[in-house]
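# Structure at a glance
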Amino acid sequence: MTDPADTPLKIAIATNDLETLNAHFGSARSFAIWEVSAGAARFVEAIGFEATAQSGKHDDLDDKITPKVAALEGCALLFVLAIGGPAAAKVVRAGVHPIKRKDPESIASIVEQVQVMLRGNPPPFLRKALGRGAASFVEEDAI
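This report concerns the structure included in the present document. (Residues numbered from 1 in each chain as written. Predicted model: local features only at pLDDT ≥ 70, side-chain atom pairs only at ≥ 80, totals over all residues. Heavy atoms only, no water.)

### A look at the overall build of the chain
Across its full length, the chain holds 5 helices and 7 strands. In sequence order, the secondary structure elements of the chain are arranged as β-β-β-β-α-β-α-β-β-α-α-α. A total accessible area of about 8,200 Å² is found for the chain, and carbon and sulfur atoms account for 53% of it. (Helix = DSSP H or I, 4+ residues; strand = E, 2+ residues; numbered from the N terminus. Areas by Shrake-Rupley, 256 points an atom, 1.4 Å probe, with all protein chains shown as cover.)

Take a look at the structure:
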C-alpha cells in the first residue's frame with residue numbers, strides 16, 4: 001500500500017519570472033505548475049497568459065479571469081500575492097484552495113513548505129484535497 005504522503009499534490013504559483021511567487025492572480029504572466037509529494041517535487045509546466053487583468057472596471061467581453069481559473073484544473077492549491085474576492089470565489093468553486101502570501105518568495109521555498117505540510121499533520125483543507133480524513137476527532141479539534 002502506498003503512503004498517502006507520497007501522493008502528488010498539484011499546485012500552482014502565480015509568477016512573473018518562473019522563479020518567484022511574485023504576482024497577483026489577475027496580473028500574473030504565468031502559473032508555475034508543480035506536483036509535490038512529501039518526498040519529491042517536479043515542475044510540470046508553465047502556463048502563460050498574453051493579456052492580464054487590470055485593476056479597475058471589469059468588462060465581461062474581455063474576461064481574463066475565467067481562462068486563469070480554467071488553467072488551474074487539477075490543482076489543489078494556488079499561491080498568490082493577492083486575489084480579489086470575485087476571482088477567489090471562482091477559484092474556490094473550481095475546487096482550488098487559494099493561499100495568499102504577504103511578500104514574494106522563491107518557488108523552491110513554496111515547494112519545500114508544501115512538502116513539510118505533507119510530511120506532518122496537514123491542515124484540514126489540505127487533507128480534503130488529498131482525500132484524507134482526520135485520524136480522530138481529537139486531532140481535528142487540535143487544528
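Let's pick the thread back up.
### Observations concerning the nonpolar core
Counting residues in each nonpolar core, the largest one holds 21 residues, and the members touching the most others are Ala12, Phe25, Phe31, Leu72, Leu78, Ile83 and Val91. Elements that contribute at least two residues to this core include exactly strand S1 (9-15), strand S3 (30-36), helix H1 (65-71), strand S5 (77-80) and helix H2 (85-93). In this structure Val91 touches Phe25, Val69, Leu72, Leu78, Ile83, Val96 and Pro98, once residues within four positions along its chain are discounted. Counting 20 residues, the second largest nonpolar core, distinct from the first, contains Ile11, Ala38, Ile99 and Val111. (Core = buried A, V, L, I, M, F, W, Y, C linked by side-chain atoms within 4.5 Å. Buried < 20%, exposed > 50% of the residue type's maximum accessible area, 1.4 Å probe, protein only. Contact = heavy atoms within 4.5 Å.)

### Remarks on the side chain of Arg101
Structurally, the position occupied by Arg101 is in the loop between strand S6 (97-100) and strand S7 (105-106). Among the polar contacts made by the side chain of Arg101, one reaches the side chain of Gln113 at a distance of 2.7 Å. (Polar contact = N/O pair within 3.5 Å; in protein donor to acceptor, adjacent residues only side chain to side chain.)

### Brief notes about unusual backbone geometry
Phi angles above zero are rare outside glycine, and Leu18 is one such case at about 65 degrees. Mapped onto the elements of the fold, Leu18 is located in the loop between S1 and strand S2 (20-21).

### With respect to the sheet that holds S6
One open sheet accounts for 5 strands, arranged S4-S3-S1-S5-S6; its pairing is mixed. Each edge of the sheet is formed by a strand with only one pairing partner; in this case those strands are strand S4 (41-48) and S6. In this sheet, neighbouring strand axes are inclined to one another by 25 degrees on average, regardless of whether the strands run parallel or antiparallel. With 7 bridges connecting them, S3 and S4 associate as antiparallel partners. Counterpart to Val36 in the pairing with S4 is Ala41. (Pairing = 2+ DSSP bridges. Axes fitted to C-alpha atoms, helices over the stretch in contact; angles between N-to-C directions.)

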